[in-house]
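Listed here are the chains, written in short residue letters.
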Amino acid sequence: AAAKEVAGSDLDKAVEEVKECKTKEEIAHRIFDGMDDDKSGQLDKEEFVKQVSKFLGEDASEDGLPALMFKSYDKENGGTISKEEFTESVLKATEKMPEEKAIRHLAELLMVGRQVKVGQASEGKKTTHRRTTSRSG
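Now for a look at the structure at hand.

Quick notes on the rules
Residue positions are given per chain, counted from 1 along the sequence in the order it is written. Residues qualify for local features only when their pLDDT is at least 70, as the model is predicted, and side-chain atom pairs are given and counted only at 80 or more; totals for whole chains, interfaces and linings, by contrast, use all residues. Computation of side-chain values: all heavy atoms of the structure, hydrogens and water removed. What we call a nonpolar core is a set of buried Ala, Val, Leu, Ile, Met, Phe, Trp, Tyr and Cys residues that are connected through their side-chain atoms within 4.5 Å. Exposed residues in this analysis have more than 50% of their type's maximum accessible area, buried residues have under 20%, and partly exposed residues fall in between, with area computed by a 1.4 Å probe over protein chains only. By the criteria applied, helices consist of DSSP H or I runs no shorter than four residues and strands consist of E runs no shorter than two, each listed in order from the N terminus. Here, expected helix span is obtained from the residue count minus one, scaled by 1.5 Å. Here, a salt bridge means any side-chain nitrogen of Lys or Arg that lies within 4 Å of a carboxyl oxygen of Asp or Glu. Whether two aromatic rings pair depends on their centres lying within 6.5 Å, for rings of Phe, Tyr and Trp, where Trp uses its six-membered ring; planes under 30 degrees apart make the pair stacked, over 60 edge-to-face, and the rest tilted.

So, about the nonpolar core. Counting 30 residues, the largest nonpolar core has Ile-31, Met-35, Phe-48 and Phe-86 as its most contacted members. In terms of residue count, the dominant contributor to this core is helix H6 (residues 99-116) (7 residues).

Attention now moves to helix H2 (residues 24-35). Given 3.6 residues per helical turn, the α-helix brings residues three or four places apart onto the same face. With 12 residues, H2 extends 17 Å between its outermost C-alpha atoms, agreeing within 8% with the 16 Å of an ideal straight helix rising 1.5 Å per residue. Every buried residue of H2 is listed here: Ile-27, Ala-28, Arg-30, Ile-31, Phe-32, Gly-34 and Met-35.

Right, let's talk about the pattern of salt bridges for a bit. Scanning all chains against the criterion turns up 7 salt bridges. Among the salt bridges present, the one from Lys-83 reaches Asp-33, with a minimum N-O distance of 2.9 Å. Separated by 50 residues along the polypeptide, Lys-83 in helix H5 (residues 83-94) and Asp-33 in helix H2 bring together distant segments of the chain. The class for Lys-83 is partly exposed, based on a relative accessible area of 23%.

Going through the model one piece at a time under the given rule, you end up with 4 aromatic pairs. Their ring planes at 50° and their centres at 5.5 Å tell us that Phe-48 and Tyr-73 sit as a pair that is tilted. Here Phe-48, found in helix H3 (residues 45-56), pairs with Tyr-73, found in helix H4 (residues 65-73); they are 25 residues apart in sequence, far enough to count as distant. Residue class for Phe-48 comes out buried when judged on its relative accessible area of 1%. Given a relative accessible area of 8%, Tyr-73 falls into the buried group. Every member of this aromatic cluster is reached through a ring pair, and the members are Phe-32, Phe-48, Phe-70, Tyr-73 and Phe-86.

Laid out in structure tokens, this is it:
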């Protein structure tokens, strides 16, 4: 499933942020922190599924893609995803991708945590939210 259409300039900014990171671990940690709504250090199923399903435009049901992704990221089957589990899953998902594709994938993930929390700043940086609507066609 392809991610919903994202405003090009927002994706470009996210791509630049990914490129500025020294390691994939660093960007995975930023992605995780953006998705961790309650700042508990864990992503529970509701947090993860809500954000991923909204970003992908996918069904948030038990058998939808986001729920299946949650199960694969929750390596210890503890009902939550730790930052370590998340980082390991992101690194594994991108390790065999060509660099340009991996950067875009990481940039899209970075946007997942930001698109749900409208108007909040992340790490002191201004975060904007633009809803893309297409009325043509």
